[in-house]
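Working through the structure, step by step
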Amino acid sequence: MKNLSAFLIPVFFILFSTLAISQNDYADLILVNGKIITVDGDASIAQAVAVKDSLILAVGTNAEILAYQGPETDTRNLSGRTVTPGMIDAHLHLMYYGQAENDYVNLRHANTISEVVQALAARVALTPEGEWIIGDGYFKLEDMRMPTKWDLDSVSPNNPIFLNSQGGHYGSANSEALRVAGIDADTPDPVGGIIQKDSVTGEPAGIFWNHPAMDLVRYYIPPLDEDDLAADVIFAQELCLTTGITSYQDVNTRGRKRVMGYYKALDSLKARAFMLYTIEKTNDINTSLNDLFVYKGPWLSLGGDKFLLDGQPPTSYTYEPHPGPSWDLPTWDPDTLEKVVKQIHRA
């Protein structure tokens, strides 16, 4: 009886697995004769893989996987090439990247303030007076300084302009943007931010360090429509897919509109999105605790919060001084931060 039982069990499983491969289980794609890195518990490398509905159906030997081959299966010979799991980008601003490409003036290739101004002038020529113009992506300009309001005013006297640096923690505004935001020589620095002012006259130079200062101006920029934000997600995910990124954490989900933008893009997601809600102000805490809830779906999840504790260089919060505008300026009061983190953790 022991020998018979030992014989029947494997035969049963062989029959079961054979019968299970019905027409409904045919793969859309089969890759054979490859090195399939599985990253399973044994770090095994398989010979072939079957894919159905963009998900891995099975891995195994050529013979095992070819059992999933149907009349319409796309079967490809890898000829020894390697297949890796999709990469996970743990820190990405995917929606914002879509915004920068579709909605803003791209300044990533500008090397000088003159080139920044030229790019803005081209957009001003196409923009009705009074409408905001946002530039994005300038970094390490050869002028060795930030664009000032005086640089920007020359091409934009009637359009408010705000520029975000590539890392997003400092920016520039023109005089019209300062006027709209009500910022003048008497405007004090906000907690955690710096409004750079002329050393002689005391008037604002149009340069803002750290989000608390930048948001004094950005508050007046009309928010993008949720449908536009959804389109930005759909656009940006294509770049992820072409580079092998199949899931990511968007750690720049600032405000409810961005959350809703992802929600509206849900049916078009091809890469798994994991949102972290950005906590920068008291109302962000209230939104996180009272208006949002943990959500986990196959393509979209919301399961945490992100705090910004300081700026990027040149306003990093460090133990020793550095030559930037500040080295000892956190964007959160430490006692307040501790209180808020405990509050969110308990929730």
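The preceding data block contains the structure.
The following refers to the structure shown. As the structure is a prediction and not an experimental result, all values here were calculated from the model.

**Some details on the overall build of the chain**
Helices and strands together make up the secondary structure of the chain, namely eleven helices and 18 strands. For 347 residues, the compact-globule estimate of 2.2 N^0.38 gives 20 Å, and the C-alpha radius of gyration of the chain, at 27 Å, exceeds that figure by more than 25%. If one aligns the C-alpha atoms of the chain with their principal axes, the spans along those axes are about 95 × 45 × 35 Å. Sorting the 347 residues of the chain into buried and exposed places 41% on the buried side. Sequence separation of at least 24 residues holds for 67% of the intrachain contacts in the chain that already meet a minimum separation of 6. Carbon and sulfur atoms provide 56% of the accessible area of the chain, an area that totals close to 19,500 Å².

**A few points about the environment of Gly98**
As for its placement among the helices and strands, Gly98 is situated in helix α3 (residues 94-102). Note on Gly98: relative accessible area 0%, which makes it buried. For the pair Gly98 and Leu229, spaced 131 residues apart in sequence, the C-alpha separation works out to 7.9 Å. Beyond its immediate chain neighbours, meaning those up to four positions away, Gly98 contacts Asp103, Asp232, Phe235 and Ala236.

**A closer look at the environment of Tyr220**
Along the polypeptide, Tyr220 turns up in the loop between α7 (211-218) and α8 (226-242). For Tyr220, a relative accessible area of 36% corresponds to the partly exposed category. For the pair Tyr220 and Trp132, spaced 88 residues apart in the sequence, the C-alpha separation amounts to 9.2 Å. For Tyr220, the contacting residues outside a window of four places in its chain are Trp132, Val180 and Ala181.

**As for the nonpolar core**
Formed by 27 residues in total, the largest nonpolar core has its most connected members in Leu94, Val233, Tyr248 and Tyr262. Of all the elements in the fold, those that place two or more residues in this core are α3, α8, β15 (245-253), α9 (256-264), β16 (272-279), β18 (300-307) and α11 (334-346). Residue contributions to this core peak at five residues, all from α8. With sequence-adjacent residues up to four places away left out, Val233 is seen in contact with Leu94, Met95, Tyr248, Tyr262, Ala265 and Leu269. Among the nonpolar cores identified, the runner-up in size contains 19 residues, and Val117, Val124, Ile133 and Leu163 belong to it.

**Some points on the side chain of Asn62**
Tracing the chain through its elements places Asn62 in helix α2 (residues 62-66). Polar contacts involving the side chain of Asn62 include one to the side chain of Asn33, which spans 2.6 Å.

**A few points about α9**
Turning to α9, its buried residues are Arg258, Val259, Gly261 and Tyr262. Buried residues of α9, viewed axially, fall in a sector of 155°; they line one side. Looking at the buried side of α9, the elements it contacts are α3, α8, β15, β16 and β18.

Rules behind the numbers
- Residues numbered from 1 in each chain as written.
- Predicted model: local features only at pLDDT ≥ 70, side-chain atom pairs only at ≥ 80, totals over all residues.
- Heavy atoms only, no water.
- Helix = DSSP H or I, 4+ residues; strand = E, 2+ residues; numbered from the N terminus.
- Rg over C-alpha atoms; globule rule 2.2 N^0.38 Å.
- Buried < 20%, exposed > 50% of the residue type's maximum accessible area, 1.4 Å probe, protein only.
- Contact = heavy atoms within 4.5 Å.
- Areas by Shrake-Rupley, 256 points an atom, 1.4 Å probe, with all protein chains shown as cover.
- Core = buried A, V, L, I, M, F, W, Y, C linked by side-chain atoms within 4.5 Å.
- Polar contact = N/O pair within 3.5 Å; in protein donor to acceptor, adjacent residues only side chain to side chain.
- Arc of directions from axis to C-beta.

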